[in-house]
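An overview of the molecular structure
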Amino acid sequence: MSNRRAHTPTSPPEPPVRRSARPSADTLFDVLSNPYRRHTLAQLARHGGELRVDELVERLVDWEAEPETPADPDRRRVASMLYHVHLPKLADVGLVEYDQEEATVAPGTEADVAKPFLDLVSRQ
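To keep things clear, this report deals only with the structure shown in the data block. (Residues numbered from 1 in each chain as written. Predicted model: local features only at pLDDT ≥ 70, side-chain atom pairs only at ≥ 80, totals over all residues. Heavy atoms only, no water.)

Pairing in this open sheet of 3 strands is antiparallel, and the strands run E1-E3-E2 from one edge to the other. Of all strands in the sheet, those bounded by a partner on one side alone are strand E1 (51–52) and strand E2 (96–99). As paired elements, E1 and strand E3 (residues 104–107) share 2 bridges and run antiparallel to each other. Within E3, the residue paired with leucine 51 across the bridge is valine 105. Contacts between helix H4 (residues 75–92) and the sheet are confined to E2 and E3, with E2 contributing the most and set at about 130 degrees to the helix. (Pairing = 2+ DSSP bridges. Helix = DSSP H or I, 4+ residues; strand = E, 2+ residues; numbered from the N terminus. Contact = heavy atoms within 4.5 Å. Axes fitted to C-alpha atoms, helices over the stretch in contact; angles between N-to-C directions.)

The next point concerns the side chain of arginine 37. Following the sequence through the fold, arginine 37 ends up in helix H2 (residues 35–47). Aspartate 30 is the oppositely charged side chain nearest to the buried, salt-bridge-free arginine 37, at an N-O distance of 5.5 Å. In this structure the side chain of arginine 37 is engaged in a polar contact, spanning 2.6 Å, whose partner is the backbone oxygen of valine 31. A polar side-chain atom of arginine 37 sits 3.0 Å from a polar atom in the side chain of histidine 86. Look past the residues within four positions of arginine 37 in its chain and what remains in contact with it is Asp30, Val31, Val85, His86, Lys89 and Leu90. (Buried < 20%, exposed > 50% of the residue type's maximum accessible area, 1.4 Å probe, protein only. Lys, Arg positive; Asp, Glu negative; His and termini not counted. Salt bridge = Lys/Arg side-chain N within 4 Å of Asp/Glu carboxyl O. Polar contact = N/O pair within 3.5 Å; in protein donor to acceptor, adjacent residues only side chain to side chain.)

Further remarks concern helix H3 (residues 53–64). With 12 residues, H3 extends 16 Å from end C-alpha to end C-alpha; this agrees with the ideal 16 Å at 1.5 Å per step. Buried within H3 we find Val53, Leu56, Val57, Leu60, Val61, Trp63 and Glu64. Looking down the long axis of H3, one finds its buried residues gathered within 160 degrees of arc, a one-sided arrangement. (Expected span 1.5 Å × (residues − 1). Arc of directions from axis to C-beta.)

Let us now look at unusual backbone geometry. The phi torsion at alanine 103 lies on the positive side, around 55 degrees, for a residue other than glycine. Secondary-structure assignment places alanine 103 in the loop between E2 and E3. Given the relative accessible area of 14%, alanine 103 is considered buried.

This is the structure in structure tokens:
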């Protein structure tokens with residue numbers, strides 16, 4: 001049962017739920033703690049805009065195949081992780097715009113907030 005009250009002609013509609021203007025540092029550290037999410041943001045920054053999800057999957061598989069990356073690249077596994085875990089998590093905090101119907105991903109309204117964190121990690 002929902003906690004939302006039903007809209008009736010005498011009651012005003014409830015305002016949409018909005019996330020805070022900027023993700024907190026703790027939220028950013030949590031979201032960016034995963035290398036797939038960091039690499040997703042780096043790929044979007046390098047590309048400079050929207051990517052098809054299948055193209056992003058290929059870029060992540062190529063990244064996994066690099067010698068210093070310990071994972072065995074498997075396209076289905078990478079695609080599943082992106083679709084079901086990483087892209088929704090990045091979208092929830094505004095770091096990406098993820099269109100499931102069009103299968104596209106683009107930098108989100110808060111992508112600039114992650115840049116200092118990504119720069120710090122890339123220097124490691």
